[in-house]
Amino acid sequence: MRNKIGKNERWVQGAEEEKEAEGQKRRKGNNEFVIFSPCTPCPLPTQSKKNGGICDVRNKIGKNERWVQRAEEAKELKRPKRITPLTLSLSYSLTPLSHNNLNSMEVGIPKGTRDFLPIEVARRKWMFGIIEEVFKVYGYVPIETPVLENLSTLTGKYGEEGDRLLFKVLNNGDYLNKADDQAYQNKDSNKFTPSIAKRGMRYDLTVPFARYVVMHRNDISLPFKRYQIQPVWRADRPQKGRYQEFYQCDVDVVGSKSLSYEAELIQIYDDVFAALGIPVIIRINHRQLLSGIAGFAGIGEQWIDMTMAIDKLDKIGEEGVRKEMGERSIPTEAQNIIFNLLKHKDIASLRAAVTEDPAVAGSLEEMERVFNFLEGLTLKNKVQFDITLARGLG
């Protein structure tokens, strides 16, 4: 070999020593192997040259590239080691970690957050993979939105309680320079906070999706079927099973009023839980039905307050919900009407109780149409109408 590899001749010497010790295999055109040592005349004199008794082969022999691969491996083995020792700048110092160092370190994470071990991350990725495959089967596409949203986008969408649970992010630089001194003196956090924080961490995936659709209306085709799996943050009081940072998984359709999509979403839920091997009861309700019930009870303008109280029915019971409704200035007479309607467990009996209310009747009719779409399908889980279901409908 006459050519230098990377201007380093030590590899050439190493390759020659290897050929002297082991010889080389060459493949002929007829796929037969011939083994020749350094003293064996080269079978291809036009492509080789005897040099001091050592066969100097530069090209491929009979379409066999294995020698080239071995030469590259030998090159790596013979690569010269660093002569000058690696040194660090004097501005850095490496202190070996010992058990004593670790025990003396004060480490921790914020309440309501958690670390995930490799096995936990693997399980979550496995689960997300199954969920995403189901979404794709039905033609849904993924999107992502940033962790931070403008507070003007987030506030006012979740009610007063939701606004209190938003994580606010201080403005960059000297955030007090443009602070509202008057609001600070008056201890009015609702006015003071916007003067020092204009961004917040996303509370859920629904409001950012609405913002996404408005901003990208020229980039998407309607109806737009999307799914989104990302973490959200809520400044709620941490407790067992409740965290301030957690993942949400949303699947939605925007740009169509067809109730067939509602039936399709129920199919998706059914397929996902079946694929995960988790038997569930899929409960459904209608947002306009709750709004109609509030109007029927004479508190149409307070229907969100009513919904937020009903959402806690399974946790604090009827007495607790009535107490919260009272704190939200919902009169006792209206409470009685509401709870009388909530006792109905099926659409037919509820329709009979509110036949004279067109808003409630119209909502019940739409619910029946959704169930009619599901009649011809083979579902693996039970689907059930639940008038008390209020979460996410506010």
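Asker: How would you explain the sheet that holds strand β5 (residues 141-142) if you had to name every residue and give the values?
Answerer: Sheet strands pair by backbone hydrogen bonding; their relative direction is either parallel or antiparallel. Reading across from one edge, β5-β9-β10 is the order of the 3 strands in this open sheet, with mixed pairing throughout. The strands lining the two open edges of the sheet, one partner per strand, are β5 and β10 (245-254). Sheet analysis places β5 next to strand β9 (residues 224-233), joined by 2 bridges and oriented parallel. Paired with V141 across the bridge in β9 is R226. The strands that helix α4 (residues 118-137) touches are β9 and β10; relative to β9, the one it contacts most, it runs at about 160°. Along the sheet, helix α10 (residues 260-276) makes contact with β9 and β10, crossing β10 at roughly 145°.

Asker: Describe in detail the sheet that holds strand β8 (residues 199-201), supporting the description with residues and values.
Answerer: With antiparallel pairing, 3 strands are arranged side by side in an open sheet as β6-β8-β7. The two strands at the open ends of the sheet, each matched to only one other strand, are β6 (148-150) and β7 (168-169). Alignment of β6 against β8, held across 3 bridges, turns out to be antiparallel. Bridge assignment links L148 to a residue of β8, and that residue is M201.

Asker: Got a sec to walk through α10? Specific residues and values, please.
Answerer: If you check α10, its first and last C-alpha atoms are 25 Å apart, about what 17 residues at 1.5 Å a residue would give, namely 24 Å. For α10, every residue scored as buried is listed here: Y261, A263, E264, L265, I266, I268, D270, V272 and L276. Looking at the buried positions of α10, the neighbouring elements they touch are α4, β9, β10, β11 (281-284), α16 (358-374) and β12 (382-385). Looking one or two residues past α10, G277 carries a phi angle of roughly 75°, positive in sign.

Asker: How would you sum up the packing of aromatic side chains? Please name residues and give values.
Answerer: For the structure shown, the criterion picks out 6 aromatic pairs. Judged by centre distance (4.3 Å) and plane angle (40°), the rings of Y158 and Y203 are tilted. Here the residue Y158 occupies a position in the loop between α5 (151-154) and α6 (159-164), and Y203 occupies one in the loop between β8 and α9 (206-215), the gap between them amounting to 45 residues. Taken as a pair, Y158 and Y203 share a single burial class, namely buried. Judged by centre distance (5.4 Å) and plane angle (50°), the rings of Y184 and F192 are tilted.

Asker: Explain the pairing of β9 to me, using residue names and the numbers behind them.
Answerer: Summarising burial for β9: 10 of the 10 residues are buried, a large majority. Across 10 bridges, the pairing between β9 and β10 is antiparallel. Note that in β10 the partner of Q228 across the bridge is D250.

Asker: I'd like a description of the layout of surface pockets, backed by residues and values.
Answerer: Put simply, the second largest pocket is a space of about 300 Å³. Along the walls of the second largest pocket sit L151, T155, E160, D163, R164, K168, S189, N190, T193, P194 and A197, which together make up its complete lining. Of all the elements, helix α8 (residues 189-196) adds the most residues to the lining of the second largest pocket, at 4 residues. Split by residue class, the lining of the second largest pocket holds 3 nonpolar, 4 polar and 4 charged.

Asker: Run through the nonpolar core, naming residues and quoting values.
Answerer: By size, the foremost hydrophobic cluster in this structure holds 35 residues, and its most contacted members are L289, I299, M306, M325 and I338. Judged by nonpolar contacts, the second largest core, of 14 residues, contains I130, V134, V251 and I268.

Asker: I'd love a proper account of unusual backbone geometry, names of residues and values included.
Answerer: Here the bond from L222 into P223 is cis, since omega is -5°, no more than 30 degrees from zero. Residue position: P223 is located in the loop between α9 and β9. Positioned with a positive phi, S329 is a non-glycine residue whose angle comes to about 65°. Tracing the chain through its elements places S329 in the loop between α13 (313-327) and α14 (332-342).

The rules behind these values
Residues numbered from 1 in each chain as written. Predicted model: local features only at pLDDT ≥ 70, side-chain atom pairs only at ≥ 80, totals over all residues. Heavy atoms only, no water. Pairing = 2+ DSSP bridges. Helix = DSSP H or I, 4+ residues; strand = E, 2+ residues; numbered from the N terminus. Contact = heavy atoms within 4.5 Å. Axes fitted to C-alpha atoms, helices over the stretch in contact; angles between N-to-C directions. Expected span 1.5 Å × (residues − 1). Buried < 20%, exposed > 50% of the residue type's maximum accessible area, 1.4 Å probe, protein only. Phe/Tyr/Trp six-rings, centres within 6.5 Å; stacked < 30°, edge-to-face > 60°. 1 Å grid on protein atoms, 1.4 Å probe; cavity = no way out; pocket = protein on both sides within 12 Å on 5 of 7 lines; lining within 4 Å. Points joined across faces, edges and corners; volume = space filled by probe spheres on them. Nonpolar A, V, L, I, M, F, W, Y, C, P; charged D, E, K, R; others polar. Core = buried A, V, L, I, M, F, W, Y, C linked by side-chain atoms within 4.5 Å.

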